[in-house]
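Inside the fold
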Protein chains: 2
Amino acid sequence: MYAHENTKNLFIFLFFLIFLSVLRVRTREKFHVYFSLNCLFIKRRKKITITDIARLAGVSIGTVDRVIHDRGQVSPETRKKILKIIEKAHFRPDILASVLASKKKYRFIILIPDSQEDSSFWKAPMAGMEKAIAEISHFGIEARYLHFDQFDTASFQKQAHKVIQSKPDGLLFAPVQYRQSVNLVKSCIRNHIPYVFVNSNIEDMDYLSYIGQDSVQSGYLAAKLMSLGLIADSEILVVNISKQIANHRHILKRNRGFEKYFTDHPDNKIRIKTINIENTSQEFVDLTLEAVFKKSGNINGIFVPSSRVYKVAKYLAGLKTKIRLIGYDLIEENIPFLENETIDFLISQKPVEQGYHGIMALLNHLVLKKECNKNIYLPIDIITKENLNYYLEY
Amino acid sequence: MYAHENTKNLFIFLFFLIFLSVLRVRTREKFHVYFSLNCLFIKRRKKITITDIARLAGVSIGTVDRVIHDRGQVSPETRKKILKIIEKAHFRPDILASVLASKKKYRFIILIPDSQEDSSFWKAPMAGMEKAIAEISHFGIEARYLHFDQFDTASFQKQAHKVIQSKPDGLLFAPVQYRQSVNLVKSCIRNHIPYVFVNSNIEDMDYLSYIGQDSVQSGYLAAKLMSLGLIADSEILVVNISKQIANHRHILKRNRGFEKYFTDHPDNKIRIKTINIENTSQEFVDLTLEAVFKKSGNINGIFVPSSRVYKVAKYLAGLKTKIRLIGYDLIEENIPFLENETIDFLISQKPVEQGYHGIMALLNHLVLKKECNKNIYLPIDIITKENLNYYLEY
DNA sequence: CTGAAAGCGCTTACAG
DNA sequence: CTGAAAGCGCTTACAG
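In this report, the structure presented in the accompanying data block is examined.

**Observations concerning the layout of surface pockets**
The calculated volume of the second largest pocket comes to roughly 560 Å³. For the second largest pocket, the lining is made up of 21 residues, of which Leu228(A), Gly229(A), Lys322(B), Arg324(B) and Asp344(B) are closest to its centre. Residue composition of the lining of the second largest pocket, grouped by class: nine nonpolar, six polar and six charged.

**Side note on the packing of aromatic side chains**
In this structure the tally under the stated criterion is 28 aromatic pairs over all chains. Look at Tyr390(A) and Tyr377(B): their rings are 6.0 Å apart centre to centre, the planes differ by 75°, and that puts the pair in the edge-to-face class. Here Tyr390(A) is found in helix 15 (residues 388–393), whereas its partner Tyr377(B) is found in strand 11 (residues 375–377) on a different chain. Given the relative accessible area of 11%, Tyr390(A) is considered buried. We classify Tyr377(B) as partly exposed; its relative accessible area is 24%. Seen from their ring centres, Tyr220(B) and Tyr261(B) are 5.1 Å apart, and the 80° between their planes marks the pair as edge-to-face. Residue Tyr220(B) is located in helix 9 (residues 215–227), and its partner Tyr261(B) is located in helix 10 (residues 249–264); the two are separated by 41 residues in the primary sequence. One aromatic cluster is present, formed by Phe148(A), Phe156(A), Phe173(A), Tyr195(A), Phe197(A) and Tyr207(A) through successive ring pairs. One residue, Arg254(A), lies across the ring of Tyr328(A), its end atom 3.8 Å from the ring centre. For Lys104(B), the ring lying beneath its charged end belongs to Tyr106(B), and the centroid distance is 4.7 Å.

**Quick look at the relation of the copies chain B and chain A**
Once chain B has been moved 0.0 Å along the axis and rotated by 180°, it coincides with chain A to within an RMSD of 0.1 Å. What we have between these two chains is a two-fold relation. No C-alpha of chain B lies nearer the rotation axis than that of Gly229(B), which sits 2.1 Å from it. Interface overlap between copies is the fraction of interface residues in one copy that are interface residues in the other; for chain B against chain A it reaches 98%, indicating a shared surface.

**Points about the interface of chain B and chain A**
Taken together, the 53 residues of chain B in the interface contact 52 residues of chain A. Around 5000 Å² of area is buried between chain B and chain A when both sides are counted, 62% of it from carbon and sulfur atoms. For the pair chain B and chain A, the interface holds four salt bridges. The partner of Glu386(A) in a salt bridge is Lys224(B), and the shortest N-O contact between them spans 3.2 Å. In the side of chain B that touches chain A, the residues fall into 28 nonpolar, nine polar and 16 charged.

**What to know about the protein's contact with DNA strand D**
Around DNA strand D sit 27 residues in total, of which Ile50(A), Asp65(A), His69(A), Arg66(B) and Thr78(B) are the nearest. Of what DNA strand D places within 4 Å of the protein, 68% of the atoms are sugar or phosphate. Contact between DNA strand D and Ile50(A): a phosphate oxygen at 2.5 Å from a main-chain N or O atom of the residue. Within the side chain of His69(A), a nitrogen or oxygen atom sits 2.4 Å from a phosphate oxygen of DNA strand D. Sorting the residues of the surface near DNA strand D by element identifies helix 3 (61–68) and helix 5 (95–101) of chain A together with helix 3 (61–68) and helix 5 (95–101) of chain B as the ones contributing at least two each.

**Some words on the sheet that holds strand 5 (residues 209–212) of chain B**
Residue and element names in this part refer to chain B. Strand order in the open sheet formed by six strands is 2-1-3-4-5-11, with parallel pairing between adjacent strands. Two strands bound the open sheet, and with one partner strand each, they are strand 2 (141–148) and strand 11. Looking at each pair of strands side by side, their axes are set apart by 15° on average, direction ignored. Relative to strand 2, strand 1 (residues 106–113) runs parallel, the two sharing eight bridges. Within strand 2, the position partnered with Phe-108 by the bridge is Ala-143. Contacts from helix 14 (residues 351–367) reach strand 1, strand 2, strand 3 (170–173), strand 4 (195–199) and strand 5, with the element oriented near 165° to strand 5.

**Description of the side chain of Ser218(B)**
Residue and element names in this part refer to chain B. Assignment of secondary structure puts Ser-218 in helix 9. With a relative accessible area of 0%, Ser-218 lands in the buried category. Within the structure, the side chain of Ser-218 is placed 2.5 Å from the side chain of Tyr-328, a separation counted as a polar contact. Excluding its chain neighbours within four sequence positions, the residues that come into contact with Ser-218 are Gln-213, Arg-254, Tyr-328, Ile-347 and Ile-380.

**Here we look at unusual backbone geometry**
For His90(A), which is not a glycine, the phi torsion comes out positive at approximately 50°. Look at His90(A) and you get exposed, because its relative accessible area is 67%. Its identity as a non-glycine residue notwithstanding, Lys350(B) has a phi of 50°, on the positive side. If you trace the backbone, Lys350(B) turns up in the loop between strand 10 (345–348) and helix 14.

**Considerations on the protein's contact with DNA strand C**
The local shell around DNA strand C holds 26 residues, among which Arg66(A), Thr78(A), Ile50(B), Asp65(B) and His69(B) are the closest. Counting only atoms of DNA strand C within 4 Å of the protein, the fraction found in sugar and phosphate groups is 69%. Contact distances for DNA strand C include 3.0 Å between a phosphate oxygen and a backbone N or O atom of Ser75(A). Contacts to DNA strand C include Ala97(B), whose backbone N or O atom sits 3.3 Å from a base nitrogen.

**Quick notes on helix 8 (residues 178–190) of chain A**
Residues and elements named next belong to chain A. Along its 13 residues, helix 8 runs 19 Å from first to last C-alpha, staying within 8% of the 18 Å computed at 1.5 Å per residue. Where helix 8 is concerned, the buried positions are Tyr-178, Gln-180, Ser-181, Val-182, Leu-184, Val-185, Ser-187 and Cys-188. Among the structural elements, strand 1 (106–113), helix 7 (153–166), strand 3 (170–173), strand 4 (195–199) and helix 10 (249–264) are those in contact with the buried residues of helix 8. Taken from the residues just after helix 8, His-192 is the one with a positive phi, measuring 55°.

Cut-offs and rules
Residues numbered from 1 in each chain as written. Chains lettered and ligands numbered in written order. Predicted model: local features only at pLDDT ≥ 70, side-chain atom pairs only at ≥ 80, totals over all residues. Heavy atoms only, no water. 1 Å grid on protein atoms, 1.4 Å probe; cavity = no way out; pocket = protein on both sides within 12 Å on 5 of 7 lines; lining within 4 Å. Points joined across faces, edges and corners; volume = space filled by probe spheres on them. Nonpolar A, V, L, I, M, F, W, Y, C, P; charged D, E, K, R; others polar. Phe/Tyr/Trp six-rings, centres within 6.5 Å; stacked < 30°, edge-to-face > 60°. Helix = DSSP H or I, 4+ residues; strand = E, 2+ residues; numbered from the N terminus. Buried < 20%, exposed > 50% of the residue type's maximum accessible area, 1.4 Å probe, protein only. Lys NZ or Arg CZ within 6 Å of the ring centre and 35° of its normal. Least-squares fit on C-alpha atoms with pLDDT ≥ 70 in both. Contact = heavy atoms within 4.5 Å. Buried area = accessible area lost by both parts, 1.4 Å probe. Salt bridge = Lys/Arg side-chain N within 4 Å of Asp/Glu carboxyl O. Near = heavy atom within 4 Å. Polar contact = N/O pair within 3.5 Å; in protein donor to acceptor, adjacent residues only side chain to side chain. Pairing = 2+ DSSP bridges. Axes fitted to C-alpha atoms, helices over the stretch in contact; angles between N-to-C directions. Expected span 1.5 Å × (residues − 1).

What follows is the structure in structure tokens.
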């Protein structure tokens, strides 16, 4: 009987233990749920590392590393096995640890027009590039600029030669001179230098990425803005100011878009007159415009498909009649004319972001090995006197 | 003589050696210059590390680390000495190594309205937040959303309570309900929870950052667009569709900006009529507008200072006369009406970037300890049928 | 073809 | 108050 009692007590005790442990589990779970609810942060499962993969595959981390970076010297079977485990575990190497351990340096070259010319457009993309370079400096990236005169093909070719000579890991460039750029691209392909386009594009080349605007559509939008509240039977002037209009394809595309709008909307009954000014000096622009205005008296609007719209604005500022003026790019020279409403609208192409995303595209392709869009079309911004300030700050 | 010859030879030999070494130096220098010129990359001086600082100060790296992160337990003299050396050497700790070594996790809470309401605006900021969260995930950041119904103050208060309960390291929130948001801010201050505002602002609070638009100026711009090619003596309708207009300060600011433009430009001779629709159902909007249109026949433009402009567009689509319609935000519901030109202009406030920069502001303040602007005003974008597509992709 | 070890620049207990 | 050591997750010679 005593023995029985003892056994009974033992059982009770055991049950008690089991009960306790159940309770503990319960409490823990409860705590966990409570924790989740109140802290709102689900306990993240431990991050898997290259060591985990190595253990699972029964190899050393060195071998896993070889597989990850595809640098050979691994038997096909081992390779396959490791790859499978990586896939299953959704393993992604830690980029921070990778960069820290690696001594690899990446050298980028940036080949863009200089800003001292009569249009300061390129300052903004450079600001964006600087921002990106600063942000990613800890990835072991060095970047150097190479500038050229966009109206001087020899200067471009000289710099293009330097690019090839220095064999960078990546090239960011603005193919504003069509023919010369095609040649550089061919050299890059021969020398295995990956390249990204900014600002203008060469569609039929096999580039990594293009960052810029849809030039045709931007002209189309400009035409829409031109047509707002326009009197029927108006005459509109398109003024191309460029030394080599035929070699500057993005300007031609803007012209095309502009004309297309009025073809699509024939009810506007607009007459478009296009003039090309190949001498970009202010005096020549003034003289040319004066001659045009003498001939036809009822010009209601002017479209300048480049940042040099301020040259036309300077001329118009002397006139008495208000003529709607639309141009491109929020550069310093254009700002006073936007402020005094000589220029009504500027079409802007996010120059800072062009630069920023250009550098980031190189980083993504070459360092982070991340997929990204081949064509990154930036918004076509409409800038007026009223929203000007918030595009400057940004 | 032989000896002499030998000595002479020795001298010649020595000279030759010296000559060779000079040559080598020359060649090296030349090579270096050549290298620099052609490769365009200046040899970067070795990066200084915490170990260098420790060595220079004659202490261990542990002590340097204590000084860098100001966690005490260092004698004032040692501290001063180390600080001086850090300054002189322009030492910046390697953020990558720091994050890798540190096990610190940051918990962010994002408190924003939900999207299932009758306006899907908040999808875009969330997309931007997701993008940022993905980019910075390797910094040990966990983020959780908390949503509320922007027309239901009780729902906001419930979620605000959860925020305080879970004591996050940082809070990103949209103070759309003015009074309730002020209360949450006070709680945050009491509990030492840093916070960043997105979309709307409470100017008189001491927030880390505000990311959003200048609401007054956006209304001003809308008025300018309204005035383009408008007939004199027109009547313009401002339609506020909101259950609690008095508690939604950014909408009131847009109204103010809109009216200010016409005060500043009295030559337009515009009459503005404002109506508030507090029941946001389509039927009620239709009925209200119908009543208004019956009374006054010559309404030439309508301004809706919120994303609910599509409700007015639905009504106008049934009318024969073309009325200029301007509203806010590129949300799904508005797109068809922009495409068929019932809506002429949408003012957009970079919703994706609001979200993106909101998260980044928290990262900069809390993790990277980087200074950044208190007020980040995003551009006031003008969207039309013609540039719509490039704002969608972006 | 594979593994063991040192090292990247920092942080974190722990010992004194 | 201070230092030595282990470790974060990877890469890189080097040895076999």
